[in-house]
Amino acid sequence: MKFIYDKKVDQECQKRLDACNLIFGEKKKTEVYLVDEGTIKKFKKIWTFKIDKKFRQEIYKIFKTKLPKNFTCYINSTPYSMDTARGISISASTSTPIKTICHETNHFMFRKSEYKKIYFPKHDIENAKEIFTIINNIYFQNIMESQDVGWKIFWKERYVFLTHWLKDIQTNKDI
């Protein structure tokens, strides 16, 4: 995976944050973090070949497709990580970079999948993708620093969805 800083992507992330007051019902953080060559090196050092290999295998198991060849992890100066049209943008402040990359990549791939239509036909895409990330705790448990607990507002729905997912993968090996 490629890790870079791109000023345009950073500004896009900041613009998305500026457009809201709350994030999933919680007060928005406003700190700004330094992104320098050392920050980029930190991510590159943590994201080892072994982690990348396991990550790509599990992404394929979840979505039945590979990550795009040009998939990029942008590092941003905001306190939030997010998926973008070109990849993912991870906050320089994250203390759990592997979990954050798994979470945001799940969002990126979810948007391209049919899972919203299958599992969340009545949900907004932003809410659906947050609920769906509970499966990271199954597929990425051997590489993430800690459990992906997600946003508190979705906790109940995440566990309801997880029971459906587990039932589906037991009865339908294609999922």
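We now turn to the structure provided with this report. (Residues numbered from 1 in each chain as written. Predicted model: local features only at pLDDT ≥ 70, side-chain atom pairs only at ≥ 80, totals over all residues. Heavy atoms only, no water.)

### Brief notes about the packing of aromatic side chains
- This model, assessed by the stated rule, comprises 23 aromatic pairs.
- Here Y119 and W165 contribute two aromatic rings whose centre-to-centre distance is 5.7 Å and whose plane-to-plane angle is 50 degrees, an arrangement assigned as tilted. One end of the pair, Y119, is in helix α5 (residues 115–119); the other, W165, is in helix α8 (residues 155–171), with 46 residues separating them in the sequence. Neither Y119 nor W165 differs from the other in exposure class; each is buried.
- When the ring of F132 is compared with that of W165, the centres are 5.4 Å apart and the planes differ by 90 degrees; the resulting orientation is edge-to-face. Of the two residues, F132 is situated in helix α6 (residues 125–132) and W165 in helix α8; the sequence distance between them amounts to 33 residues.
- The exposure class of F132 is buried, given its relative accessible area of 0%.
- Each member of the aromatic cluster is reached from another via a ring pair, and the members are F63, F110, Y115, Y119, F120, F132, Y139, F161 and W165. (Phe/Tyr/Trp six-rings, centres within 6.5 Å; stacked < 30°, edge-to-face > 60°. Helix = DSSP H or I, 4+ residues; strand = E, 2+ residues; numbered from the N terminus. Buried < 20%, exposed > 50% of the residue type's maximum accessible area, 1.4 Å probe, protein only.)

### What to know about the environment of H107
- Mapped onto the elements of the fold, H107 is located in helix α4 (residues 97–112).
- By relative accessible area, H107 is classed as buried at 1%.
- As for H107 and I62, which are separated by 45 residues in sequence, their C-alpha atoms are 12 Å apart.
- Setting aside residues no more than four positions away along its own chain, H107 makes contact with D83, K129, E130 and T133.
- For H107, the side chain forms a polar contact with the main-chain oxygen of K129, separated by 3.3 Å. (Contact = heavy atoms within 4.5 Å. Polar contact = N/O pair within 3.5 Å; in protein donor to acceptor, adjacent residues only side chain to side chain.)

### Overview of α8
- The terminal C-alpha atoms of α8 lie 25 Å apart, and with 17 residues this matches the ideal 24 Å at 1.5 Å per residue to within 8%.
- Listing the buried residues of α8 in full gives R158, F161, L162 and W165. Axial view of α8: buried residues confined to an arc of 115 degrees, hence all on one face. Summarising the geometry of α8, the exposed residues directed more than 90 degrees from the buried face are K156, Y159, T163, K167, Q170 and T171.
- In this structure, the buried residues of α8 make contact with α3 (49–63), α5, α6 and α7 (136–139). (Expected span 1.5 Å × (residues − 1). Arc of directions from axis to C-beta.)

### Structural notes on the side chain of K28
- Within the fold, K28 resides in the loop between β3 (26–27) and α2 (37–46).
- In this structure K28 is buried but unpaired, with D18 as the nearest side chain of opposite charge at 4.7 Å.
- Among the polar contacts made by the side chain of K28, one reaches the main-chain carbonyl oxygen of L17 at a distance of 2.8 Å.
- At a separation of 2.7 Å, a polar atom in the side chain of K28 contacts the main-chain carbonyl oxygen of C20.
- In this structure, K28 is in contact with L17, D18, C20, N21, I23 and Y80, ignoring residues within four places of it in sequence. (Lys, Arg positive; Asp, Glu negative; His and termini not counted. Salt bridge = Lys/Arg side-chain N within 4 Å of Asp/Glu carboxyl O.)

### Focus: the pattern of salt bridges
- For the structure on display, the rule yields 10 salt bridges.
- Here K54 makes a salt bridge to E58, at a shortest N to O gap of 3.1 Å. With a gap of four residues between them, K54 and E58 both fall in helix α3, about one helical turn apart.
- Judged by relative accessible area, which is 4%, E58 ranks as buried.
- Between K129 and D83 there is a salt bridge, with its nearest N and O atoms 3.7 Å apart. Of this pair, K129 sits in helix α6 while D83 is found in strand β5 (residues 82–84), placing the two residues 46 residues apart along the sequence.

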